[in-house]
Amino acid sequence: MTSKVKVSVIVPVWNDERRVVKCINALKNQQFVPEAYEIIIIDNGSTDRTFEEIQGIEGITVLQELKPGSYAARNKGLSVAKGHYVAFTDSDCVPDKNWLASLIECAETQRDIGVVAGDVSFFKDEADEIDDASLAYESFFSMNQEEYARKGVCITANWLSKKKTLLELGGFNAKLKSGGDHDMAKRLTNNGLSVVFCKQAVVAHPARNKQEILKKRRRVIGGSWDKTDGKLKSIKLLWEAVKLYIKRTLLVFFSNEASLKQRLSVFGIISAIFFVSLSEIAKLTVGQQSTRS
């Protein structure tokens, strides 16, 4: 008997008991035939009450993946998904009510689709303390899915693919703690498939404070380290960090879309990211492990 499930929504979660409930509620309220989609939440070894919290929610499938890393968790969800399509978002995101319908419409109106990359907007979570510099930085640089799609990549905060296609390529690289989404998208494009931007399919993401932005940078450096081979990878990552610092500095100071005060505040964040990058590369070079937080 053929499954009625058209799309499986997969969400990994780690120590995020408050925000994942908001995400699940938004997923349950999609303007989409209820029988045509399923919600799969994978707890990635939370040490708070996240697992207990989501176990009590009706209408979803709850799994555990104890191997650290969101890509290992996504693969666990992928292994049990019933849908023809799989959609990914993150536990701190709030999908728009038309999110799934818009992703499917984009997927079914074009050929040779590897990934449909939905849009990401930002909101200020009432429980977070967000400084003006971080808000300005997010608006300049964070999660530009349209630009990512032009480069043939996508982030899993807002992603749709055919399940069969991902499985044929072996799923996400579970060894990575960051960058597994870009890695997967590149494998899809290398196989002749395309990444298509879908502006109508929106998820809202909480703006991050400076500490969270710097944590993310550590994860990104760790992910790049884990998937880079060769004795000279320290030099390669240092060069990439320098190029990013210069590129973003020029973009900020030649921008006409922000006041001088805002541009200076964003430059402060860019500089902090650069020094965190240098520090993380140094730690990895002397043998420390990449981090997930």
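Residues numbered from 1 in each chain as written. Predicted model: local features only at pLDDT ≥ 70, side-chain atom pairs only at ≥ 80, totals over all residues. Heavy atoms only, no water.

Colleague: Even after reading the chapter, I still don't get the nonpolar core, so can you show me in this structure?
Modeller: Generally speaking, nonpolar side chains in soluble globular proteins are found buried as a group. The biggest cluster of nonpolar side chains holds 36 residues, and the ones touching the most others in it are Val7, Ile41, Trp99 and Leu160. Residue contacts for Leu160: discarding those within four places in its chain leaves Val7, Tyr85, Val86, Ala87, Leu103, Ile104, Ala107, Gly114, Val115 and Val116. Counting 23 residues, the second-largest nonpolar core is a separate cluster that includes Ile10, Phe172, Ala185 and Leu188. (Core = buried A, V, L, I, M, F, W, Y, C linked by side-chain atoms within 4.5 Å. Buried < 20%, exposed > 50% of the residue type's maximum accessible area, 1.4 Å probe, protein only. Contact = heavy atoms within 4.5 Å.)

Colleague: Just checking my understanding: could you explain the packing of aromatic side chains for this structure?
Modeller: Each aromatic ring pair is specified by the distance between its two centres and by the angle formed by the two planes. Taken as a whole, this structure holds 11 aromatic pairs when the rule is applied. Summarising the aromatic geometry, the rings of Phe32 and Tyr37 are spaced 5.8 Å apart at their centres and angled 75 degrees between planes, so their arrangement reads as edge-to-face. Neither Phe32 nor Tyr37 differs from the other in exposure class; each is buried. The interplanar angle of 50 degrees and the centroid separation of 5.4 Å between the aromatic rings of Tyr137 and Phe141 together place this pair among those described as tilted. In this pair, Tyr137 and Phe141 both sit in helix α5 (residues 132-141), four residues apart, roughly one turn of the helix. The exposure class assigned to Tyr137 is buried, which follows from its relative accessible area of 5%. A residue is classified by how much of its surface remains accessible, and Phe141, at 14% relative accessible area, is buried. One aromatic cluster is present, formed by Tyr245, Phe253, Phe267, Phe274 and Phe275 through successive ring pairs. (Phe/Tyr/Trp six-rings, centres within 6.5 Å; stacked < 30°, edge-to-face > 60°. Helix = DSSP H or I, 4+ residues; strand = E, 2+ residues; numbered from the N terminus.)

Colleague: I keep staring at the environment of Arg187 and nothing clicks. Help me out?
Modeller: Among the secondary structure elements, Arg187 is positioned in helix α8 (residues 180-190). It is 7.7 Å that separates the C-alpha atoms of Arg187 and Leu169, two residues lying 18 residues apart in sequence. The contact partners of Arg187, leaving out residues within four places of it in the chain, are Leu169, Gly171, Phe172 and Asn173.

Colleague: Even after reading the chapter, I still don't get helix α11 (residues 260-285), so can you show me in this structure?
Modeller: Note that an α-helix has 3.6 residues per turn; residues three or four places apart therefore point the same way. Over its 26 residues, α11 runs 37 Å from end to end, which matches the ideal 38 Å to within 8%, given 1.5 Å per residue. Within two residues after α11, Gly287 carries a phi angle of roughly 110 degrees, on the positive side. (Expected span 1.5 Å × (residues − 1).)

Colleague: Would you explain the side chain of Thr156 in this entry?
Modeller: Locating Thr156 in the fold gives a position in the loop between α6 (145-150) and β7 (159-162). At a separation of 3.2 Å, a polar atom in the side chain of Thr156 contacts the side chain of Arg74. Apart from the residues lying within four places of it in its own chain, the contact partners of Thr156 are Tyr71, Arg74, Phe88, Thr89, Asp90, Phe172 and Asp181. (Polar contact = N/O pair within 3.5 Å; in protein donor to acceptor, adjacent residues only side chain to side chain.)

Colleague: Just checking my understanding: could you explain the pattern of salt bridges for this structure?
Modeller: As a working rule, side chains carrying opposite charge can pair if their charged atoms are close by. Scanning the model with the defined rule gives eight salt bridges in all. The salt bridge partner of Arg74 is Asp90, with a shortest N-O separation of 3.0 Å. Taken as a pair, Arg74 in helix α3 (residues 70-80) and Asp90 in the loop between β4 (85-88) and β5 (94-95) lie far apart in primary sequence, 16 residues in all. Of the two residues, Arg74 and Asp90, both sit in the buried class. (Salt bridge = Lys/Arg side-chain N within 4 Å of Asp/Glu carboxyl O.)

Colleague: Any chance you could explain unusual backbone geometry here in plain terms?
Modeller: Of note in the backbone geometry, Asn15 takes a positive phi value of approximately 50 degrees without being a glycine. Looking at where Asn15 falls in the secondary structure, it is placed in the loop between β1 (7-13) and α1 (17-28). By relative accessible area, which is 28% here, Asn15 ends up partly exposed. The phi dihedral of Asp112 falls on the positive side, at around 55 degrees, and the residue is not glycine.

Colleague: Please clarify how helix α10 (residues 233-253) should be interpreted in this entry.
Modeller: Its 21 residues place the ends of α10 30 Å apart at the C-alpha level, agreeing with the 30 Å of an ideal helix rising 1.5 Å per residue. All buried positions along α10 are accounted for by Lys233, Ser234, Leu237, Ala241, Arg248, Thr249 and Val252. All buried residues of α10 fall inside an arc of 140 degrees around its axis, so they share one side. α10 presents Ile235 and Trp239 as exposed residues on the side facing more than 90 degrees away from its buried surface. Its buried side turned inward, α10 meets α5, α9 (210-226) and α11. (Arc of directions from axis to C-beta.)

Colleague: Explain the state of the cysteines to me, please; I cannot follow it from the model alone.
Modeller: Should the sulfur atoms of two cysteines be covalently bonded, the bond is a disulfide. Scanning the model with the defined rule gives one disulfide in all. With a sulfur-sulfur separation of 2.2 Å, Cys106 is cross-linked through a disulfide to Cys198. Residues Cys106 and Cys198 are joined through a disulfide that is right-handed, its torsion about the S-S bond being 65 degrees. Taken together, the residues Cys106 in helix α4 (residues 99-108) and Cys198 in strand β8 (residues 194-206) connect sequence positions 92 residues apart. Each member of the pair, Cys106 as well as Cys198, is classed as buried. Between Cys23, a free cysteine, and Cys93, which holds the nearest cysteine sulfur, the sulfur-to-sulfur gap is 6.8 Å. Assessed through its relative accessible area of 0%, Cys23 is described here as buried. (Disulfide = S-S within 2.5 Å.)

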